[in-house]
Structures are given as C-alpha cells and as structure tokens.
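Reading the structure
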Amino acid sequence: MKLSLLRHGEPVGGRIYRGNQDDPLTEKGWQQMLDASKNQSWDLIFTSPLLRCQSFAQYLHQQQKSPLEIVDNFSELGFGDWQSQSSAQIGQDLVDAFKLNPIENKPPNAEDLYDFQHRVLNAFKIITAKNSKSVLIIAHAGVIRVIKSYLLNLPIEKMFTIDVLSASCEEFEI
C-alpha cells in the first residue's frame with residue numbers, strides 16, 4: 001500500500017497552537033494543498049473532521065471521485081489552555097520544555113498524549129487493514145507525528161522532534 005500523509009495548508013489566524021479549534025484555510029493554504037497534491041490520485045481518502053483538512057478532502061473527493069471518509073479520531077491534539085495562543089504568548093521556555101518532554105510538561109488542561117496516540121493509531125490501523133493500493137490521510141501535524149512515530153518505531157515522547165511543514169505530503173510503502 002502507498003500511504004500519503006498530507007498536512008493541511010495555512011489556516012486563518014496565523015501560527016498559533018490551534019489544536020481542535022476549527023479554522024478554515026486561507027487562500028494561500030488552499031494553493032499550498034493544490035500544489036502538494038498536483039498530479040496525484042488515491043484509491044481512498046481519509047480526513048480529519050476539522051475544516052482546514054475536511055474542506056480540501058471534499059474538494060479532492062469531488063475531483064477524483066475517490067471514496068472519502070471523515071475520521072473523528074484524526075482531530076488534532078487538544079492543547080488545552082494554550083489553544084489560540086502563539087509561542088510568544090505562551091512563553092518560549094514553556095513551549096521548549098513541552099517539546100522536549102511532552103508527557104511531563106503538557107499544557108494545562110491539554111489532552112493526554114497517550115490518549116491522543118491511542119485514538120489516532122486505532123483509526124490508522126483500521127485504515128491500513130483495508131488493503132487498498134493507495135491511501136491519502138489529510139490531517140494535522142500532531143496526527144502525522146503520531147503516525148510517523150509509529151511507522152519509524154519512535155517513542156511517542158519524541159514526536160515533537162519530527163518536523164511536519166504546512167501542506168507537506170510524504171509517502172510511505174506499507
């Protein structure tokens with residue numbers, strides 16, 4: 001199976017800890033995703049239910065006539081009290097501590113990282129069991145980091161060492 005992991009493009013509101021806040025894409029974000037998916041097609045498309053992913057997934061579904069499934073478990077990590085705030089507003093020292101040790105330094109009222117990993121991987125394993133030739137997952141940086149950590153056999157505590165750029169599309173053979 002060819003697995004493609006596509007992160008959403010730039011959302012309205014700039015660079016903040018958005019989490020499960022439901023912001024749409026900017027025009028630039030749409031163009032980034034169009035560029036990332038150009039000349040590609042997939043047998044199945046799966047997407048987060050959040051607008052910044054789902055709206056583009058709906059577009060691809062209509063263009064390619066590929067079946068589309070909205071996967072609630074692919075919503076982004078809930079960042080609790082950090083949601084809607086930039087790194088500068090939070091404090092770079094707190095953000096750095098979180099990235100180095102997300103288990104011990106999680107944002108106040110944030111979703112538990114192990115719970116997040118569990119919900120993402122449950123959905124991912126169901127998808128990979130479908131034996132399709134090519135699958136696209138449109139999701140968020142956190143969701144993609146969890147999947148990549150699993151595929152690369154990295155502990156979840158190291159997920160924030162993985163860079164996932166806006167509208168990046170990476171392929172894996174499973």
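Computed from a predicted structure; not experimentally measured.

Procedures and definitions
- Residues numbered from 1 in each chain as written.
- Predicted model: local features only at pLDDT ≥ 70, side-chain atom pairs only at ≥ 80, totals over all residues.
- Heavy atoms only, no water.
- 1 Å grid on protein atoms, 1.4 Å probe; cavity = no way out; pocket = protein on both sides within 12 Å on 5 of 7 lines; lining within 4 Å.
- Points joined across faces, edges and corners; volume = space filled by probe spheres on them.
- Nonpolar A, V, L, I, M, F, W, Y, C, P; charged D, E, K, R; others polar.
- Axes fitted to C-alpha atoms, helices over the stretch in contact; angles between N-to-C directions.
- Helix = DSSP H or I, 4+ residues; strand = E, 2+ residues; numbered from the N terminus.
- Parallel < 35°, antiparallel > 145°, perpendicular 65-115°, else oblique.
- Contact = heavy atoms within 4.5 Å.
- Pairing = 2+ DSSP bridges.
- Buried < 20%, exposed > 50% of the residue type's maximum accessible area, 1.4 Å probe, protein only.

1. A look at empty space enclosed by the protein
Taken as a whole and assessed by the stated rule, the structure comprises 1 cavity of 30 Å³ or more. Of the pockets and cavities examined, the largest cavity occupies roughly 40 Å³. What lines the largest cavity is Leu77, Phe98, Pro102, Lys106, Pro107, Ala110, Glu111 and Leu113. Here the lining of the largest cavity is composed, by residue class, of 6 nonpolar, no polar and 2 charged.

2. Topic: the packing of helix α5 (residues 113–128) against helix α6 (residues 141–151)
Relative orientation of the contacting elements α5 and α6 amounts to 70°, with a least axis distance of 10 Å. In terms of axis orientation, α5 runs roughly perpendicular to α6. Contacts between α5 and α6 pair Phe116, Gln117, Val120, Leu121, Phe124 and Lys125 from the former with Gly142, Val143, Val146, Ile147, Tyr150 and Leu151 from the latter.

3. Re the sheet that holds strand β3 (residues 68–70)
Taking strand neighbours across the sheet as the criterion, the 5 strands line up as β3-β2-β4-β1-β5 in an open arrangement whose pairing is mixed. On the outer flanks of this sheet lie β3 and β5 (169–173), each paired with one strand and no other. Geometrically, the sheet is characterised by an average inter-axis angle of 20° between neighbouring strands, direction not taken into account. As paired strands, strand β1 (residues 2–7) and β5 are joined by 5 bridges and run antiparallel to one another. Paired with Ser4 across the strands is Glu171, a residue of β5. In this fold α6 packs onto β1, β4 (134–139) and β5, with an angle of close to 150° to the strand it touches most, β1.

4. Quick word on α6
Across the 11 residues that make up α6, a large majority, 9, are buried. All of the buried residues in α6 are Ala141, Gly142, Val143, Ile144, Arg145, Val146, Ile147, Lys148 and Ser149. Tucked into the core, α6 has its buried residues touching β1, α5, β4 and β5. Following α6 by one or two positions, Asn153 adopts a phi angle in the positive range, close to 60°.

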